[in-house]
Amino acid sequence: MKDVNILKNNGVNLDKSLELFGDIETYDQMLEDFLREVDGKLANAKRYKETNDMANYAIIVHSLKSDCRYFGMEALGDLFYEHELAGKRSDTFFVSENFDHLMEEAHRMVKVVKKYMGILVELEEPVAVAPSPVRIKATEPAVSEECILVVDDSNIVRNFIQKIFDNKYKVLAVSDGGEAISIIDNTPHDRIKCMFLDLNMPGVDGFQVLEHFKTANLFNVIPVSIITGAGDTETIQRAFSYNIVDMIQKPFDENKIKGVAEKTIARKEVNSK
């Protein structure tokens, strides 16, 4: 039995996090995904900071902010949010002045999580590797049965949604907008019941996917709802300028995603009549 006091004594709001994940078993499963990803994400943040790539820096710290808030690491999440805002305004001075403190706190919390999970051996220095694009032959459909398509660069979000719908729908999850477009363009559209789309992703982002839907007139055949950690008015208004069904703010709980899924799938059923 893991000692939850290891987390609570280090400022983790476990009770709030369990409102999202439902139980400690699911929390622990998702925490394993967090540990598999976090070192690579921190390495990417360092790389983007050193190359002054503030656009991608903002995206990666946004993802880390969302992860921290999912798992109740609220203070660290707030730090990542400050850096997200700095990245968006290209404030390299703020990032440089505060980066070491951010990394110290991030690595400290990772050690806390590893201690809680019983992981005592430190991992080697991570190597940041960009995800390989999915290549699909035009003659072969990407999807062989009806499914929900989830597009999000966070493995935590993808796995959480897959777990939620495990007994009801097949979930096809991809990490990049380019992968999603490739699947959509090579799959009979009646096989995709709906799509959940993140907005902030490296590579092809959510807005580029929405533009593809608009150009190809796909909103009526594959209904789309947004999942995002962005809460600013400009982003929300821009997303709703497209013919989306709904928007879910991260972090979300099981009931919220289920409700929006039914609403989004119902849009397809209405349009198909």
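In this text the structure is predicted, and so the values were computed from the model without any measurement.

Caption draft 1: Structural detail: the overall build of the chain. Looking only at helices and strands, one finds 11 helices and five strands in the chain. By the burial criterion, 49% of the 273 residues in the chain qualify as buried. When contacts within the chain are restricted to residue pairs at least 6 apart in sequence, long-range pairs at least 24 apart make up 67% of them. Summed over its atoms, the accessible surface of the chain is roughly 13400 Å², and 47% of this surface lies on carbon and sulfur atoms.

Caption draft 2: A look at the pairing of strand β1 (residues 147–151). Burial runs high along β1: five of the five residues are buried. Here β1 runs beside strand β3 (residues 192–197); their pairing, made up of five bridges, is parallel. What sits directly across from isoleucine 148, in β3, is cysteine 194. Pairing between β1 and strand β2 (residues 171–174): four bridges, direction parallel. Bridge pairing in β2 places isoleucine 148 opposite valine 171. On the question of chirality, the crossover connecting β1 to the parallel β2 by way of helix α7 (residues 155–164) is right-handed.

Caption draft 3: Structural detail: the environment of aspartate 190. Along the chain, aspartate 190 turns up in the loop between α8 (177–185) and β3. The exposed category is assigned to aspartate 190, whose relative accessible area is 52%. Considering only alpha carbons, one finds aspartate 190 and glutamate 146, 44 residues apart in sequence, at a separation of 7.4 Å. Apart from residues lying up to four places away in sequence, aspartate 190 is in contact with Glu146 and Lys268.

Caption draft 4: Region of the structure containing the sheet that holds strand β4 (residues 224–228). The five strands are arranged β2-β1-β3-β4-β5 in an open sheet whose pairing can be described as parallel. Every interior strand has two partners, whereas the edge strands, β2 and β5 (247–249), have only one. Each neighbouring strand pair of the sheet contributes to a mean axis angle of 20°, computed without reference to strand direction. Along the sheet, helix α11 (residues 254–271) contacts β1, β3, β4 and β5; its crossing angle with β3, the most-contacted strand, is approximately 135°.

Caption draft 5: Highlighting the packing of α7 against α11. Taken N-terminus to C-terminus, the directions of α7 and α11 make an angle of 75°; their axes are 11 Å apart at the nearest point. The angle between α7 and α11 falls in the class roughly perpendicular. Only Glu254, Ile257 and Lys258 of α11 make contact with α7, whose side of the interface consists of Phe160, Ile161 and Ile164. Tallied by class, residues from the contact of α7 with α11 come to four nonpolar, no polar and two charged.

Caption draft 6: Structural detail: α11. Between the first and last C-alpha of α11 there are 26 Å, a value that for 18 residues agrees with the 26 Å anticipated at 1.5 Å per step. By the burial criterion, the buried members of α11 are Ile257, Val260, Ala261, Thr264, Ile265 and Lys268. For α11, the buried positions fall inside an angular range of 130° around the axis, keeping them on one side. Exposed and oriented more than 90 degrees from the buried face of α11 are Asn255 and Val270.

Caption draft 7: Focus on the environment of alanine 261. Along the chain, alanine 261 turns up in helix α11. Once residues lying within four places of it in the same chain are set aside, the contact partners of alanine 261 are Phe165 and Phe196.

Caption draft 8: Quick look at unusual backbone geometry. The residue serine 90 is not glycine, and still its phi comes out positive at about 55°. By the element assignment, serine 90 lies in the loop between α5 (74–88) and α6 (92–117). Look at asparagine 217: it is not a glycine, yet its phi comes out positive at around 55°. Along the polypeptide, asparagine 217 turns up in the loop between α9 (206–216) and β4. With a relative accessible area of 58%, asparagine 217 lands in the exposed category.

Reading the values: rules and limits
- Residues numbered from 1 in each chain as written.
- Predicted model: local features only at pLDDT ≥ 70, side-chain atom pairs only at ≥ 80, totals over all residues.
- Heavy atoms only, no water.
- Helix = DSSP H or I, 4+ residues; strand = E, 2+ residues; numbered from the N terminus.
- Buried < 20%, exposed > 50% of the residue type's maximum accessible area, 1.4 Å probe, protein only.
- Contact = heavy atoms within 4.5 Å.
- Areas by Shrake-Rupley, 256 points an atom, 1.4 Å probe, with all protein chains shown as cover.
- Pairing = 2+ DSSP bridges.
- Right-handed = clockwise from strand over helix to strand, strands pointing away.
- Axes fitted to C-alpha atoms, helices over the stretch in contact; angles between N-to-C directions.
- Parallel < 35°, antiparallel > 145°, perpendicular 65-115°, else oblique.
- Nonpolar A, V, L, I, M, F, W, Y, C, P; charged D, E, K, R; others polar.
- Expected span 1.5 Å × (residues − 1).
- Arc of directions from axis to C-beta.

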